Amino acid sequence: MTENKKSKQQALDRLADALVDDILDASPEEILAEFEEDNGGAERHVAEMRALVEKSVAMANKRRLTAAKAGVASSRASSKKAATPIDINEARRLMNTLTPAQKLTLAARKESEQSDDDLLSMIEDLRDLGVLPIDDDSDGKG
Amino acid sequence: MDQAVVPVVATRSRDEIESAILAFTDDDLLRLRKVSWFYASRHTIEAEDLLQEAIARALDGSRKCPVNVGVVKFLAEAMRSIAHGESEKLENRVVTRSLDSDTDEEGEVLDPPDPSPSIEEAMINEEGAAILHDRILSLFEEGTPARDMVQGMMDDWSADELREVLGLDKTAYASMRRLIRRRLNKEYPEGWSHDRE
């Protein structure tokens, strides 16, 4: 015999699993007859269930489409970001807007004298780090 | 050293599952309705939400359906798993909060959120299960094979063990299981609830 409340919950779960197995194994005729006898309105329940599963499938499809759209948008944003050119004069202007601490951090990262390429690379780094916004409308001119 | 061979189980594609769902027969749909009632009534989720979630997980690929398992059985197993997961979440729910949340913007001390509802819910579930457990057993007269079989099913006895202990052949065993299912269905036509009068 089960002794406590927790084990009674588990006992009910086991009984439910066994009865669900029986429901799944019963013949179609048995299921239809038993449902009608126990619950009545089998046709109504069938119609409700069919509507429910169709709605569930439609919702799952919509979710998949939304996820696919989000994936495409994210992929476009990444490629746009990678392709956005930076004008060297604009890069110098942006560098002047940085705080001394940010400049020091960047200088330490590059560990060398700053060439134009270093400067452009730093601006890319700052965009990647989120310190500077990605200028989607930029045509690369300052 | 011998390498363990892990068998690769072929699974149904998303389109196969969707086609199977949309082609369900009337009895398939009624089976799923019964199963959803069963698992929902034992746990903290609505039957329709349970089935919808099972279908969503089947179609988004988060649950894989082996080709040798029927889609109805697969969805039934998914509902069981989801319902059990909901119960475990309730049992394991831990109320976490920042210490900052105890004061408002002016630094006034606020009442901390009361964690007791989850404990209360768990206690109600346990209490309800205990009542239901005893009520189900009481539907079958003590000392009868049906009562022993229900108790055995609750105690996770296998079919072979039950047949041997109760001295039933396969046909008599199947009849007894059917009798039990029918009696329980009549008493609880839309799933089990301890609240039922």
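Residues numbered from 1 in each chain as written. Chains lettered and ligands numbered in written order. Predicted model: local features only at pLDDT ≥ 70, side-chain atom pairs only at ≥ 80, totals over all residues. Heavy atoms only, no water.

**Concerning unusual backbone geometry**
The bulk of non-glycine residues show a negative phi, and the bulk of peptide bonds are trans.
Item 1. With a phi angle near 70 degrees, B:Asp156 is a residue other than glycine that sits in the positive phi range.
Item 2. For B:Asp156, a relative accessible area of 55% corresponds to the exposed category. (Buried < 20%, exposed > 50% of the residue type's maximum accessible area, 1.4 Å probe, protein only.)

**A few points about helix H1 (residues 14-22) of chain B**
Each full turn of the α-helix corresponds to 3.6 residues, which orients residues three or four apart in the same direction.
Item 1. Within H1(B), the full set of buried residues consists of B:Arg14, B:Ile17, B:Glu18 and B:Ile21. Projection of H1(B) onto a plane perpendicular to its axis shows the buried side chains occupying an angular sector of 100 degrees, all on one side. (Helix = DSSP H or I, 4+ residues; strand = E, 2+ residues; numbered from the N terminus. Arc of directions from axis to C-beta.)

**A look at the interface of chain A and chain B**
Item 1. Taken residue by residue, the interface counts 49 residues in chain A and 58 residues in chain B.
Item 2. At the boundary of chain A with chain B, total buried surface from both sides reaches about 5200 Å², with 61% on carbon and sulfur atoms.
Item 3. Scanning the region where chain A abuts chain B turns up 14 salt bridges.
Item 4. Residues A:Glu34 and B:Arg182 are paired through a salt bridge, measuring 3.9 Å at the closest nitrogen-oxygen approach. (Contact = heavy atoms within 4.5 Å. Buried area = accessible area lost by both parts, 1.4 Å probe. Salt bridge = Lys/Arg side-chain N within 4 Å of Asp/Glu carboxyl O.)

**Here we look at the confidence of the model for chain A**
Regions with low pLDDT should not have their predicted coordinates read in detail.
All names here are of chain A.
Item 1. On average, residues of chain A carry a pLDDT of 78, and 68% of them reach 70 or more.
Item 2. Mean pLDDT per element in chain A: helix H5 (residues 100-110) is the minimum at 61, and helix H2 (residues 28-38) is the maximum at 94.
Item 3. Within the model, the stretch residues 138-142 combines pLDDT values under 50 with 9 contacts to residues more than four positions away or in other chains. (pLDDT = per-residue confidence, 0-100.)

**Digging into the packing of aromatic side chains**
Item 1. One pass over the full model with this rule turns up 2 aromatic pairs over all chains.
Item 2. Measuring from centroid to centroid gives 5.8 Å for A:Phe35 and B:Trp37, while their planes differ by 20 degrees, and the two rings are stacked. Of this pair, A:Phe35 sits in helix H2 while B:Trp37 is found in helix H2 (residues 26-42), placing the two residues in two different chains.
Item 3. A relative accessible area of 1% places A:Phe35 in the buried class. (Phe/Tyr/Trp six-rings, centres within 6.5 Å; stacked < 30°, edge-to-face > 60°.)

**Digging into the pattern of salt bridges**
Item 1. Here the structure, examined in full by the defined rule, presents 22 salt bridges over all chains.
Item 2. Between A:Lys8 and B:Asp134 there is a salt bridge; the shortest N-O distance is 3.1 Å. One end of the pair, A:Lys8, is in helix H1 (residues 5-25); the other, B:Asp134, is in helix H5 (residues 116-138), on a second chain.
Item 3. Each of A:Glu30, A:Glu34, A:Glu37, A:Asp38, B:Lys34, B:Arg178, B:Arg181, B:Arg182 and B:Lys186 takes part in one network of salt bridges that share partners.

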